[in-house]
Amino acid sequence: MPAPTPAWMPSRKALLVAAIAFGIGLLLFLALWIDQRDSTSFYRTLEAPRSIAGQVFDPLPVPLPAGENGDNASGMGDPGDAPAGGAEAPHRDATPVGPPVSPVPPVAAPAAPARIADRSIPQPVHSPAPRYPREAQRRGESGTVLVRVHVGADGEPVGVDLVEGSGSRSLDRAAVDAVRRWRFDPAIRNGQAVAGTVQVPITFNLGR
């Protein structure tokens, strides 16, 4: 006969019920834990990213200054500029080379024309000697004739007056006719040629 079960120990049926209840509770706990884990992962996956405005980034490094020929300050140029075979790249001058430019000589300003000095009296520049009249020679007439010549701005006589005669009408007429063929440098006033008057003595001398 089996030994009798003590009174303080539960029966087998109670133990079986307790074991089943414990198993069911364990299964419920595992199911709940798994469900919570999946829900937490799903929430984290759908979490909105933080705003970029709220983030603080480190400043970018300052670019290195370019060298004289456009290379970096470290001396390393563009790999594409390196010649094939590892040869040293030729030096490139930044200044364009062109034909030499001859200096243009300064153009001197034209000199101002010299101002002609004022002259109040016309000056004869072409004064042929008068013809000695034959009748005055036959009569032995001689003397000096003083005539006044009115000279225009072009240097030509515009009028001849007898100021003082020689005493011989032939000599006086010959002197006036000769002076009418003369040419003069006209009088000058303020650098301009103007009309003027000059007295000219004409001498007739048989001994010459």
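Residues numbered from 1 in each chain as written. Predicted model: local features only at pLDDT ≥ 70, side-chain atom pairs only at ≥ 80, totals over all residues. Heavy atoms only, no water.

### Looking at the packing of aromatic side chains
Taken as a whole, this structure holds two aromatic pairs when the rule is applied. Taking 5.4 Å as the distance between ring centres and 90 degrees as the angle between the ring planes, the aromatic pair formed by Tyr-132 and Phe-204 counts as edge-to-face. Of this pair, Tyr-132 sits in the loop between strand S1 (123-126) and helix H2 (134-139) while Phe-204 sits in strand S7 (residues 196-204), and the two are 72 residues apart along the sequence. Pair check on accessibility: Tyr-132 and Phe-204 agree, each one buried. Look at Trp-182 and Phe-184: their rings are 6.2 Å apart centre to centre, the planes differ by 45 degrees, and that puts the pair in the tilted class. (Phe/Tyr/Trp six-rings, centres within 6.5 Å; stacked < 30°, edge-to-face > 60°. Helix = DSSP H or I, 4+ residues; strand = E, 2+ residues; numbered from the N terminus. Buried < 20%, exposed > 50% of the residue type's maximum accessible area, 1.4 Å probe, protein only.)

### Points about a nonpolar patch on the surface
On the surface, Phe-22, Leu-26, Leu-27, Phe-29, Leu-30, Trp-33 and Ile-34 cluster together into a nonpolar patch covering about 770 Å² of accessible area. The residue Leu-27 is located in helix H1 (residues 12-45) in this model. (Patch = residues over 30% accessible without salt bridge, like charges linked within 9 Å, V, L, I, M, F, W, Y side chains within 5 Å. Areas by Shrake-Rupley, 256 points an atom, 1.4 Å probe, with all protein chains shown as cover. Salt bridge = Lys/Arg side-chain N within 4 Å of Asp/Glu carboxyl O.)

### Considerations on the pairing of strand S2 (residues 143-151)
For S2 and S7, the ladder comprises nine bridges, and the chain directions are antiparallel. Directly across from Leu-146, in S7, lies its bridge partner Pro-201. Two elements, S2 and strand S3 (residues 157-164), share six bridges in a ladder whose sense is antiparallel. If you follow Leu-146 over to S3, its bridge partner there is Glu-164. Hairpin remark: S2 followed by S3, antiparallel, with five residues in the connecting loop; positive phi at Gly-155, about 90 degrees. (Pairing = 2+ DSSP bridges.)

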